[in-house]
Amino acid sequence: MPLALLALAVGAFGIGTTEFVMMGLLPNVADDLHISIPAAGHLVSAYALGVVIGAPVLAAITARMPRRRVLIGLMVLFVVGNAVSAVAPDYHSLMLARFVSGLPHGAFFGVGAVVATSLVAPERKARSVSLMFLGLTVANIVGVPVATAMGQQLGWRATFLAVSAIGLAAIAALAALVPADHGHGATVGVRSELRALGSVPVWLALGTTVAGFGALFSAYSYITPMLTDAAGFAEGSVTLLLALFGVGATIGNLLGGRLADHSLRGTLFGGLTSLVAVLALFPLLMRAEWSAALAVLLLGMAAFTTGSPLQLMVMEKASAAPSLASSANQAAFNLANAGGAWIGGLALAAGLGVTSPALTGAVLAVLGLAVAALAYAVDRRRGTTGSAPGRLVAAHVPSEAEPARR
């Protein structure tokens, strides 16, 4: 695998750290800025809103630019957003800075996925995407716990300065490792790209992402009360268990990338089916500490097995605009985050029990399977499944070993 994938993984590590670290720093931020915890929680929403808006907009604006330059520019915006967060004098300026920090998130992963797949042979495309996403999953094991501890000991502003430093390291790695003449963006206009994004198969693929990862966040958003109230863990053990989720996510991400290179659709169906089973068993598994820890590990594995297949499927269905489609998939992921947490909260509010968000997640995973099955039926009807239904067929971009024709 090319070293350029390492540069993408460093950027993904920084993005993953800043996305999730705010959840652990909410009390610190609230005390320092003299706001309530719910008000501080809006800072998480501001970041997610930045992702949803920035992903398609920035991908469309930069579609015709050289992709290395785009990736570096996105990381510059990332560094600026986090540096301003570190020195924000009040709540409203921090809210704006968090929104800016979220803008490059989706576009970076979208453009990065296109770069990653074009650097390798066709039979390694899914694996290349999984290696880029490795930075995101490792962030949950190392980046978020370390950054949270730093914020608690040195102040939350130190955390965002550290994340800015990671962004600078990513910029240096991108400049050094991603080939300068590596593929330019699409030669079609924005309208043509939006038209490619508007097809039924693309929206079915995006719908699978929303339902599948909505299932994950329905349960994961409330994993702490499940572990403490149902399984009996002490609150001090939760951080270690969340790192265990990151280990499962890393294993699932790497496994999904390897399997998807052989059968993209088969890996997707297998991952979603596993997610249904794990979530349905959550109430039973949360009755003992050892089985609850196993449940957390399996949840990360099952959910992130589907990450690379979903990313490639969206790119495949919008082959005329892979960067825009791939970025839109990141926006769909964040919609899943918000929607899944909301649906899981409804189950709790209805008094269905502390493990009820996992059961609503299982229902969402079944919905994801249904949407994926409908997408497959549409492909069969259109005759686009081909002899290798899971293989990415997006337009090839010349790699380092195959210089671009001029």
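Residues numbered from 1 in each chain as written. Predicted model: local features only at pLDDT ≥ 70, side-chain atom pairs only at ≥ 80, totals over all residues. Heavy atoms only, no water.

**Student:** Lay out the overall build of the chain in plain terms, naming residues and giving numbers.
**Tutor:** When helices and strands are tallied, the chain shows 15 helices and zero strands. Burial statistics for the chain: of 406 residues in total, 56% are counted as buried. Across the chain, the fraction of contacts at a sequence separation of at least 24, relative to all contacts at a separation of at least 6, is 84%. Counting only carbon and sulfur atoms, one obtains 68% of the accessible surface of the chain, whose full area is about 16,000 Å². (Helix = DSSP H or I, 4+ residues; strand = E, 2+ residues; numbered from the N terminus. Buried < 20%, exposed > 50% of the residue type's maximum accessible area, 1.4 Å probe, protein only. Contact = heavy atoms within 4.5 Å. Areas by Shrake-Rupley, 256 points an atom, 1.4 Å probe, with all protein chains shown as cover.)

**Student:** Kindly report on the pattern of salt bridges, identifying the contributing residues and their values.
**Tutor:** Scanning the model with the defined rule gives three salt bridges in all. Ionic pairing is found between Asp261 and Arg127, a salt bridge with its closest N-O pair at 3.4 Å. Taken together, the residues span a long stretch of sequence, with Asp261 in the loop between helix H10 (238-260) and helix H11 (264-285) and Arg127 in helix H5 (residues 125-154) at a distance of 134 residues. Looking at Arg127, the relative accessible area reads 16%, which means it is buried. (Salt bridge = Lys/Arg side-chain N within 4 Å of Asp/Glu carboxyl O.)

**Student:** Give me the packing of helix H8 (residues 200-220) against H11: which residues, what numbers.
**Tutor:** For any two helices packed against each other, the geometry comes down to the angle between their axes and how far apart the axes lie. Put simply, H8 and H11 touch, their axes get as near as 11 Å, and they point 25° apart. Comparing their axes, H11 and H8 come out roughly parallel. Pair H8 / H11 crosses with left-handed handedness. Where H8 abuts H11, its residues Thr208, Gly212, Ala215 and Ala219 lie against Leu268, Leu272, Leu275 and Leu279. Residue classes in the contact of H8 with H11 are distributed as six nonpolar, two polar and no charged. (Axes fitted to C-alpha atoms, helices over the stretch in contact; angles between N-to-C directions. Parallel < 35°, antiparallel > 145°, perpendicular 65-115°, else oblique. Left-handed = near helix turned anticlockwise from the far one by under 90°. Nonpolar A, V, L, I, M, F, W, Y, C, P; charged D, E, K, R; others polar.)

**Student:** Give a description of a nonpolar patch on the surface that names residues and reports values.
**Tutor:** Among the surface-exposed residues, Leu49, Ile53, Val57 and Ile61 lie close enough to one another that they form a single nonpolar patch of about 360 Å² accessible area. Considering the arrangement of structural elements, one finds Val57 in helix H2 (residues 37-61). (Patch = residues over 30% accessible without salt bridge, like charges linked within 9 Å, V, L, I, M, F, W, Y side chains within 5 Å.)

**Student:** With reference to specific residues and values, describe the environment of Asp90.
**Tutor:** Here Asp90 is to be found in the loop between helix H3 (67-87) and helix H4 (91-118). Residue classification places Asp90 among the partly exposed positions, given a relative accessible area of 37%. In sequence terms Asp90 and Leu33 are 57 residues apart; their C-alpha atoms lie 6.4 Å from each other. Within the structure, Asp90 has its side chain in polar contact with the backbone nitrogen of His92 (distance 3.3 Å). (Polar contact = N/O pair within 3.5 Å; in protein donor to acceptor, adjacent residues only side chain to side chain.)

**Student:** I'd like to hear about unusual backbone geometry, residue by residue, with values.
**Tutor:** Phi angles above zero are rare outside glycine, and His34 is one such case at about 60°. Mapped onto the fold, His34 is located in the loop between helix H1 (4-33) and H2. Taking relative accessible area as the criterion, His34 reaches 72% and is therefore assigned exposed.

**Student:** How would you explain the nonpolar core if you had to name every residue and give the values?
**Tutor:** Counting 98 residues, the largest nonpolar core has Leu8, Leu216, Phe282 and Met286 as its most contacted members. Ignoring sequence-local partners within four residues, the contact set of Leu8 consists of Leu71, Phe108, Gly112, Val115, Ala116, Met132 and Leu174. Judged by nonpolar contacts, the second largest core, of 17 residues, contains Met22, Ala30, Ala88 and Leu94. (Core = buried A, V, L, I, M, F, W, Y, C linked by side-chain atoms within 4.5 Å.)

**Student:** Help me get a handle on the confidence of the model for the chain, residues and values and all.
**Tutor:** Considering every residue of the chain, the mean pLDDT works out to 84; 90% of them sit at 70 or more. In the model, residues 182-186 has pLDDT below 50 throughout and makes 21 contacts with residues more than four positions away in sequence or in other chains. In the model, residues 386-406 has pLDDT below 50 throughout and makes 36 contacts with residues more than four positions away in sequence or in other chains. (pLDDT = per-residue confidence, 0-100.)

**Student:** Quick rundown of the side chain of Thr305? Include the residues and the values.
**Tutor:** The topology assignment puts Thr305 in helix H12 (residues 289-305). A polar contact of 2.6 Å, which involves the side chain of Thr305, links it to the backbone oxygen of Met301. When near neighbours in sequence (up to four residues on either side) are disregarded, Thr305 contacts Gly252, Asn253, Gly256, Thr267 and Gly271.

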